Amino acid sequence: MADTLAALPGPRHPDPADALPLRWGVLGPGAIAAGFTDALHRHTRQRVVAAGSRSAERARAFAAAHGVERSYGSYEALVADPEVEVVYVATPHSEHLAHALLAIAAGKHVLIEKPMAVTADQSRRIVEAARAAGVFAMEAMWTRYLPQTDIVRQLLADGALGEVRLVTADFGGRSRYDPASRLWHPALAGGALLDLGVYLVSWSSFAIGPPAGIVATGTLAPTGVDDQVALVLSSAHGAQALLSTTLLASTPSLATISGSAGRIETDSPFWGPSGLRVFDSDGTLLSHWRDPYGRPHRDGMAYEAAALARYVAEGRSESPLHPLAEAVDTLATIDEARRQVGATRVE
Ligand SMILES: NC(=O)c1ccc[n+]([C@@H]2O[C@H](COP(=O)([O-])OP(=O)(O)OC[C@H]3O[C@@H](n4cnc5c(N)ncnc54)[C@H](OP(=O)(O)O)[C@@H]3O)[C@@H](O)[C@H]2O)c1
């Protein structure tokens, strides 16, 4: 086991420019859409050819700022563009269901920002619609497609950590309280769990599978959304995940996976390009891998876009690295955690 840990496998698909190009449409030209479009244009052959906004002026400004050919003053017009092959849904959580269904009904493949929807029920509706329409659908859980995650994936698949017993992860970002903003407004499906906690639950699922037990405790903002939550997830095999998220403080964004034969500790942030350290069961550091690829921060979204393009070229309907059923299960866990902390729900 230690030998397997000492000789780390390399990441597969480290170059996102290897994927055949697709023509993308951006639906909701906000903060993440800007980072996504720039990442694609810098690091891949993918091309954002159209942007759609509720405002023609905002769509025009986004297109001009990010090298996008066409702009539309409605989402309906965007998804009707016959050149667009795949729609990136980058609106607030509360809108993902309607906007994903709009794009799917127009026959487009969809990449839907995290979380895929507000609840497991909503996400199932998206899955059913995509299957019925025969289009590709994927949650933009970009961590799954990073080079470092692929190293962890291979170590887990090889059983290099032995029996995995404990997973930890945190993600907190200090956010100024603004009751009208998407992070704090219940009608926009704000709250720490949906915005940041989704990364933690997904990381736990990646490492130990879906939880058999869920315990959550937390606090609520004056708007009723959860602003800080600690979660314990237990697998059917007795492994545990200790997860914490908050909108009230910036936390290290570290993740670990510990097993009987050794452990992995990520660098920060675990959810974006960084690195990882591997230890044997005595706690001896065996290796420290640092991401050498020069696509830091949000440029790491290039990997998920390239993965989607490869899957579409292969004729797949969903991601083998992050199946739709797993994204639905993650939302079911978040549903239950929100219920336990008493977060206000508007669906
Ligand atoms: N992958 C990541 O690292 C990452 C990071 C941040 C956020 N995200 C995700 O990306 C999504 C968008 O987040 P963001 O930070 O980009 O949000 P944002 O800056 O507020 O942008 C969201 C866009 O959605 C559109 N929109 C449609 N309906 C809206 C409504 N009812 N209220 C407000 N805006 C509405 C707006 O564009 P128009 O009005 O112009 O159409 C707005 O520009 C969320 O799912 C979030 O969790 C992902």
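Remember, it's a predicted structure, so these values are computed and weren't measured experimentally.

Account for the site of the ligand, with residues named and values stated.
Around the ligand, a shell composed of 22 residues is seen, among which Ser-53, Arg-54, Arg-58, Tyr-75 and Lys-114 lie nearest. One nitrogen or oxygen atom from the side chain of Arg-54 is found 2.8 Å from an oxygen atom belonging to the ligand. A distance of 3.2 Å separates an oxygen atom of the ligand from a polar side-chain atom of Arg-182. Here the ligand loses 83% of its free accessible area of 890 Å² to cover by the protein chains. Counting residues per element, the ones that place at least two in the shell around the ligand are α2 (31-43) and α8 (192-208). A per-class count over the shell around the ligand returns 9 nonpolar, 5 polar and 8 charged.

Can you lay out helix α9 (residues 301-313) for me, pointing to particular residues and giving the numbers?
Over its 13 residues, α9 runs 19 Å from end to end, which matches the ideal 18 Å to within 8%, given 1.5 Å per residue. Among the 13 residues in α9, 12 count as buried, and that is most of the element. What α9 keeps buried is the set Met-301, Ala-302, Tyr-303, Glu-304, Ala-305, Ala-306, Ala-307, Leu-308, Ala-309, Arg-310, Tyr-311 and Val-312. Along its buried surface, α9 packs onto β1 (23-27), α2, β4 (86-89), β5 (109-112), β6 (137-139) and α7 (147-157). Of the residues one or two after α9, Gly-315 is the one with positive phi, at around 80°.

Go over the sheet that holds strand β2 (residues 47-52) with me, naming the residues and quoting the values.
Read from one edge of the open sheet, 6 strands run β3-β2-β1-β4-β5-β6, paired in parallel fashion. Looking along the sheet, the strands with just one partner apiece sit at the ends: β3 (70-72) and β6. Direction aside, the axes of adjacent strands within the sheet are offset by 20° on average. Here β4 runs beside β5; their pairing, made up of 4 bridges, is parallel. Each residue of the ladder has a partner; that of Val-89, found in β5, is Ile-112.

Which residues make up the nonpolar core, and what values go with them?
In this structure, Trp-24, Tyr-88, Met-116, Leu-231 and Leu-308 are the most contacted members of the largest nonpolar core, which totals 108 residues. Tyr-88 has contacts with Trp-24, Gly-25, Val-26, Leu-27, Ile-32, Ala-33, Phe-36, Leu-111, Glu-113 and Met-301, leaving out every residue within four places of it along the chain.

If you had to explain helix α10 (residues 324-341) to someone new, which residues and values would you point to?
With 18 residues, α10 ought to run about 26 Å at 1.5 Å a step, and its terminal C-alpha atoms sit 26 Å apart, in line with that. Residues Leu-324, Glu-326, Ala-327, Val-328, Thr-330, Leu-331, Thr-333, Ile-334, Asp-335, Ala-337, Arg-338 and Val-341 constitute the buried set of α10. In this structure, the buried residues of α10 make contact with α6 (120-133), β6, α8, β8 (213-220) and β9 (226-234). The first or second residue beyond α10 is Gly-342, which carries a positive phi of 80°.

Can you tell me about the sheet that holds strand β11 (residues 255-259), naming the residues and giving the values?
One key point about sheets: their strands pair by backbone hydrogen bonds, in either a parallel or an antiparallel sense. Spatially, the 8 strands line up as an open sheet ordered β8-β9-β10-β7-β11-β12-β13-β14, and their pairing is mixed. Looking along the sheet, the strands with just one partner apiece sit at the ends: β8 and β14 (285-290). Put simply, the sheet's adjacent strands are angled 10° from each other on average, direction ignored. Strands in contact with α7 are β7 (164-172), β11, β12 (262-266), β13 (275-280) and β14; relative to β13, the strand with the most contacts, it is inclined by about 25°.

Tell me about the packing of α2 against α9, and please be specific about residues and values.
The interhelical angle for the contact between α2 and α9, taken along N-to-C directions, is 70°, at an axis separation of 8 Å. Considered as vectors, α2 and α9 are oriented roughly perpendicular to each other. The segment α2 lies against α9, with Ile-32, Gly-35, Phe-36, Ala-39, Leu-40 and His-43 engaging Met-301, Ala-302, Glu-304 and Ala-305. Classifying every residue of the contact of α2 with α9 gives 7 nonpolar, 2 polar and 1 charged.

Parameters at a glance
Residues numbered from 1 in each chain as written. Predicted model: local features only at pLDDT ≥ 70, side-chain atom pairs only at ≥ 80, totals over all residues. Heavy atoms only, no water. Near = heavy atom within 4 Å. Polar contact = N/O pair within 3.5 Å; in protein donor to acceptor, adjacent residues only side chain to side chain. Areas by Shrake-Rupley, 256 points an atom, 1.4 Å probe, with all protein chains shown as cover. Helix = DSSP H or I, 4+ residues; strand = E, 2+ residues; numbered from the N terminus. Nonpolar A, V, L, I, M, F, W, Y, C, P; charged D, E, K, R; others polar. Expected span 1.5 Å × (residues − 1). Buried < 20%, exposed > 50% of the residue type's maximum accessible area, 1.4 Å probe, protein only. Contact = heavy atoms within 4.5 Å. Pairing = 2+ DSSP bridges. Axes fitted to C-alpha atoms, helices over the stretch in contact; angles between N-to-C directions. Core = buried A, V, L, I, M, F, W, Y, C linked by side-chain atoms within 4.5 Å. Parallel < 35°, antiparallel > 145°, perpendicular 65-115°, else oblique.

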